[in-house]
Amino acid sequence: MRTFTFPRPHPPRPKSSPSQRAQQLLARRRQRFYHTYRMKQASAEEKHDEEKRKAGEPCHLADIRLDITVLKSISLTLVIQQNNTMHRYPLPTPSNARRLQLVSYIGEHQPVAREKILENIFGHTLSDEEATTEKLSEQFDSHKKLLRKDLQKALKQANADLGLSLSPKEIFSHQHKQYALTSLCHITDIEQLTHLYERMQTAGTEEEKRQAGEALIKSYPGDFFEEMVSLYPEEFEPLYSSWIRAPYTKYRDWYLQALWLLAEHAQHQGEQALKEATSEAASAHLQQAASLYAQYAQKAVENRLDLKISFKGKEVGERVAASERAMRYAIRLWTQLNDHYHIDTTWATYYKHLRRLSSQAWSPSEKTQQVLHTARKQSSTGYESFDFVP
C-alpha cells in the first residue's frame, strides 16, 4: 500500500515590529484621518453657529478657544477675543495629574479608543484586581465631568465680565468609541513646535534651516510633562511603561536635532573664517559650536524617561552614543582653541552625571578616551587632575 508523507507545516513567522518608515506612514494616515474628522466637526459647529446668527441669538464660536500647553508646565486657558482684545481665563490646576494626563493623552493620540484611555491613564498604576473596566470607566467619566465643570465655570465668568452669552462648550468629542479633542481645543506649544520642525525639515537653504532651528529651540521651554512628573511621580509609576515616554522622547528628538544643526552651522562658519584668515571671528564661531555640542551632550542624557537612553554592559542606547559623540566634538574644538578650562569643568560634570544616571555602569568609549588623551597631551594646565577616565 502506498503511503504519503505530508510536508511539515512551516513554523509561523515571528511578528516583526513595523519599520520606522511604516510607523511614520501610519502616523501620517492617522493625522489625515483626524484632520478630516476635525474639519467635519468644525464645519458642523459653524453651520450650527450660522443658524443661531440667523435666529438673532448671540454666538461667538470663532472668538473663543481653549489653549493647552504640555511642554514643561501644563495649563488650560480659556481665551476669548472681543474687539481685538484677548481675555484669558485659566482653568484651575487639579490636585493630581490624572485630568491633565487625560487631556494630553487624547490630544497626543487622537482619535484614540476608549479602552486605550482607560488602560494607559486610569489603569496604569493599578493591579489587575483594581483595574476593572467598571472602576476605570467611573474614573474616566468623573474626570470628564470635572473638566467640563471647570470649563463652564470659566465661561460663566467670561459671560459676566464681558457681557456675552457664550453657550456651554465641550472639550472632548467621540465617534464610534474613538475620542478626540473638539475644535475648541488647541495644544498651542505642540502646534508651534510641529510647525517649526516641519519648516526645519523642508527648508530650501541652510540659512532657512538655521533660522527654523533657532526658533524651535526658543519655543522649547522644557520637556513633555516635565513639571507633572516631578510633582506627581507616583501617578506615572512604573515609569518604564508610562505612556508619556513616547512623546517625551519625540519632542526631545526635535529639540536635539535643532541643537545639532546650530552647532554644525557655527562650526562651519568657524572653519570658513579660518580659511579666510579672520582668526577672531573663527574663534568666536568655534567657541559657540563647542558650547552647543556640549549643551547637546548634556541635554541628551538628562533623564532616563527618554526611550533612547539605556545601559547594557558596554552597549549603550542611541541617545548615549550621540551624547558622547557631541562631547567629543566639543572637546576637540576646545582643544583647538586651547580652552582647557571648559574641557575640565564640562567633562567633570558630564562624567559624574552619566555614572550616576547609569548606576555606575557607563564608562567612556575608546574614541572618547582617545580624544581626552589628546587634550591632556596638549594641555599645560591642571587638566590631568580630572582623571575620571579608567
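Residues numbered from 1 in each chain as written. Predicted model: local features only at pLDDT ≥ 70, side-chain atom pairs only at ≥ 80, totals over all residues. Heavy atoms only, no water.

A. The packing of aromatic side chains, seen in detail. If you walk through the whole model with that rule in mind, you get 20 aromatic pairs. When the centroid spacing of 4.4 Å and the interplanar angle of 5 degrees are considered together, the rings of Tyr 197 and Trp 254 count as stacked. With Tyr 197 in helix 5 (residues 188-202) and Trp 254 in helix 8 (residues 245-275), this pair connects stretches of sequence that are 57 residues apart. Relative accessible area serves as the criterion here: at 11%, Trp 254 is assigned to the buried category. (Phe/Tyr/Trp six-rings, centres within 6.5 Å; stacked < 30°, edge-to-face > 60°. Helix = DSSP H or I, 4+ residues; strand = E, 2+ residues; numbered from the N terminus. Buried < 20%, exposed > 50% of the residue type's maximum accessible area, 1.4 Å probe, protein only.)

B. Main features of the sheet that holds strand 3 (residues 85-90). Overall, mixed pairing links the four strands, which are arranged 3-2-1-7 in an open sheet. The open sheet has two free edges, formed respectively by strand 3 and strand 7 (185-187), since each of these has just one partner strand. Across this sheet, the average inter-strand angle for adjacent strands is 30 degrees, counted without regard to direction. Two strands pair when backbone bridges link them, and strand 2 (residues 75-82) and strand 3 are joined in this way by six bridges, in the antiparallel orientation. Bridging across to strand 3, Ile 80 finds its partner in His 87. Across the face of the sheet, helix 4 (residues 133-162) comes into contact with strand 1 (64-69), strand 2 and strand 3 while running at roughly 30 degrees to strand 2. Strand contacts of helix 5: strand 1 and strand 7, with the helix running at about 55 degrees to strand 7, the strand carrying the most contacts. (Pairing = 2+ DSSP bridges. Axes fitted to C-alpha atoms, helices over the stretch in contact; angles between N-to-C directions. Contact = heavy atoms within 4.5 Å.)

C. Region of interest: the confidence of the model for the protein chain. When pLDDT is averaged across the protein chain, the result is 85; 81% of the residues are at 70 or more. This stretch, residues 52-62, has a pLDDT under 50; its non-local contacts, to residues over four places away or in other chains, come to 14 contacts. (pLDDT = per-residue confidence, 0-100.)

D. Examining the pairing of strand 2 more closely. Examined bridge by bridge, strand 1 and strand 2 share six bridges and lie antiparallel to one another. What sits directly across from Ile 68, in strand 2, is Leu 76. Here strand 1 folds back onto strand 2, and the loop between the two strands holds five residues, one of which, Lys 72, carries a positive phi near 65 degrees. Here strand 2 folds back onto strand 3, and the loop between the two strands holds two residues, one of which, Asn 83, carries a positive phi near 55 degrees.

E. Inspection of the environment of His 186 at higher detail. Here His 186 lies in strand 7. Spatially, the C-alpha atom of His 186 lies 5.9 Å from that of Ile 68, the residues being 118 residues apart in sequence. A polar atom in the side chain of His 186 sits 3.4 Å from the side chain of Glu 191. (Polar contact = N/O pair within 3.5 Å; in protein donor to acceptor, adjacent residues only side chain to side chain.)

F. Examining the pattern of salt bridges more closely. Using the criterion set out here, one finds 18 salt bridges in the structure. For the salt bridge of Asp 67 with Arg 65, the shortest nitrogen-to-oxygen distance reads 2.7 Å. Looking at Asp 67, the relative accessible area reads 9%, which means it is buried. (Salt bridge = Lys/Arg side-chain N within 4 Å of Asp/Glu carboxyl O.)

G. Representation of unusual backbone geometry. Here the bond from Gln 110 into Pro 111 is cis, since omega is -10 degrees, no more than 30 degrees from zero. The topology assignment puts Pro 111 in the loop between helix 2 (98-109) and strand 4 (112-113). Cis geometry marks the peptide bond from Glu 237 to Pro 238, where omega comes out at -5 degrees. Note that Pro 238 resides in the loop between helix 7 (226-231) and helix 8. Phi angles above zero are rare outside glycine, and His 176 is one such case at about 55 degrees. You can see His 176 is positioned in the loop between strand 5 (172-175) and strand 6 (178-181).

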